[in-house]
Amino acid sequence: MFSKLLIANRGEIASRIIRTCQRLNIRTVAVYSEADQEAPFVKEADESYLIGKPRVNESYLKIDNIIKAAKETNAEAIHPGYGLLSEHAGFAKRVREEGLTFVGPTSELIAMMGDKIAARQAMEMAGVPVVPGTMEAVADVQEANKVAEEFGYPVMLKAAAGGGGIGMQAVKTAEELEKAFEGNQKRAQTFFGDGKMFIEKQIINPRHIEIQVLADEHGNAVHLFERECSIQRRHQKVIEEAPSPFLSEETRRRMGESALKAVQKLRYTNAGTIEFLVDDQENFYFLEMNTRLQVEHPVTEEITGLDLVEQQLRIAFGEKLTYKQEDLLIQGHAIEARIYAEDSNTFYPSPGQLTKLTLPKGDGVRHEVAVNADSQVTPFYDPMIAKLVVHADTRKEAIEKLTKALHQYEIEGIKSNLTMLKRVVTHEQFTSGAATTSFIEDYYLPSLTNQ
Amino acid sequence: MNEIKASMAGSVWKIVANEGESVTSGQDVVILESMKMEIPIPAEQDGTVKELKVGEGDFVNEGDVIAIIE
């Protein structure tokens, strides 16, 4: 196994990776910005290395600085975490060119999956169902309208290089498309340096269900079942669970097989997630593939008993998977709630000084935390400050455990989404397993004005 | 005269209305970026942008004056 790993990330995921490394006797190097000097992960690592100013493009996205840190600390491998450089093909390539191991798939596959149009084409070739829509970029708003008429409104206008909901908009009519096209194209150009747009038929009231896969470099691959991530605000996940309360055993099996087919066809390696939209008839359509560890990976760990970071490191080191698909079983039910520094009603971020942080304890209650009780939550990074994960025998018990834990959870000094989470997990649509991706719009936000 | 203040700490992502431009109440003057989210900062009254106190890329703290509307 590696003797020293550099973590090119921050916050809770850096702490999470350090924890596994400590168990596996791998020394760790944290890289950090000036804004993160006091962050827990910097102290938890065996060594830490300042790589720049607070803003991500002056620190966590500075490839040269990260490579320099790896060289100077003699790290053998780099784990990119999620977000930041984790899906930057050029970074993966550079890491390998420098003679280091990148914990993740090849840069070619990262690039292919990062281009949503190329990914759609690859998945269709692999026999995975994709959302009906254009298989090429649309040149301009006229062509966009032409294909939208063909597939029928409503459609989703999407940036090929998009992510996190940026450059993406649902449009119901030609007029809406006209208004939305240029703005989203511009935004995609600004954020991703690529203004290519494409059109997908809008799947009405879908669920967001994704399949976790693991593949070694010797041709072995397994899927670790699904995670349902339908509770989202601003196209970002808030609550995730495994297994899905909605899927039949038959659909679960077909989705898993579909994901494995894609992995084998693409010769994908390391951990990855294939995201699907699932309609109310249980038809599933490829949405995108994430070529990295996901924020919500803990729910999969809870129901499979596997440590996904350990699996990633073993695969990157060249080890073979030691289990087969038939060895894997779903054990109980797990739910994750993302704790955001943001207003519970408007979802506007709330940076500031924490004055209190109380984490509930209990059997089957797990925390992944980026902060401590006197941390400064800065405006420079994602508002997610912690994750609360529960595991129980049944979904009902898991929801009870989560509800209790959320009520004992205390955050003071900044606004948090705890109030929102408490409302969501006790809402009948959620507890009955009926929630879809429009839950926040259709049920949560209306419930606020009714009060 | 009316001062427009930052509703939270963040950086100035975009200037939407330049100095000398007339704006109506509720119209966005600048867009801040904080915690990976864009937060539009609107004018609170009709008028003209007399002075912009910030430029794109500048960091502002909560309460900092962003622009003066006259």
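Everything discussed here concerns the structure shown above.
Residues numbered from 1 in each chain as written. Chains lettered and ligands numbered in written order. Predicted model: local features only at pLDDT ≥ 70, side-chain atom pairs only at ≥ 80, totals over all residues. Heavy atoms only, no water.

Undergrad: Any chance you could break down the packing of aromatic side chains for me, citing the residues and the numbers?
TA: Under the definition given, this model contains eight aromatic pairs over all chains. Ring centres of Phe347(A) and Tyr444(A) lie 6.2 Å apart, and the angle between their planes is 25°; on these two criteria the pair is classed as stacked. With Phe347(A) in the loop between β14 (333–340) and β15 (352–353) and Tyr444(A) in helix α15 (residues 439–449), this residue pair connects regions lying 97 residues apart in the sequence. For Phe347(A), a relative accessible area of 6% puts it in the buried group. By relative accessible area, Tyr444(A) is classed as buried at 1%. Here the aromatic residues Tyr60(A), Phe380(A), Tyr381(A) and Phe59(B) are joined through ring pairs into a cluster of three or more. The aromatic ring of Phe246(A) is capped on one face by Arg207(A), whose charged end is 3.7 Å from the ring centroid. Lying over the aromatic face of Tyr340(A), Arg233(A) brings its terminal NZ or CZ to 4.2 Å of the ring centre. (Phe/Tyr/Trp six-rings, centres within 6.5 Å; stacked < 30°, edge-to-face > 60°. Helix = DSSP H or I, 4+ residues; strand = E, 2+ residues; numbered from the N terminus. Buried < 20%, exposed > 50% of the residue type's maximum accessible area, 1.4 Å probe, protein only. Lys NZ or Arg CZ within 6 Å of the ring centre and 35° of its normal.)

Undergrad: Give a description of unusual backbone geometry that names residues and reports values.
TA: Residues and elements named next belong to chain A. Residue Pro154 is bonded to the preceding Tyr153 through a cis peptide linkage, with omega at 0°. As for its placement among the helices and strands, Pro154 is situated in the loop between α7 (141–151) and β6 (155–159). A cis amide bond, omega -5°, links Ala242 with the succeeding residue Pro243. For Pro243, the position within the fold is in the loop between β11 (236–242) and α9 (249–266). In this structure, Arg234 takes a positive phi of about 50° despite not being glycine. For Phe347, which is not glycine, the phi torsion reads 65° and is therefore positive.

Undergrad: Hey, could you go over the side chain of Glu342(A) for me, with residue numbers and the actual values?
TA: By secondary structure assignment, the location of Glu342(A) is in the loop between β14 and β15. Classification of Glu342(A) as buried rests on a relative accessible area of 1%.

These results come straight from atomic positions and should not be treated as a statement about function.
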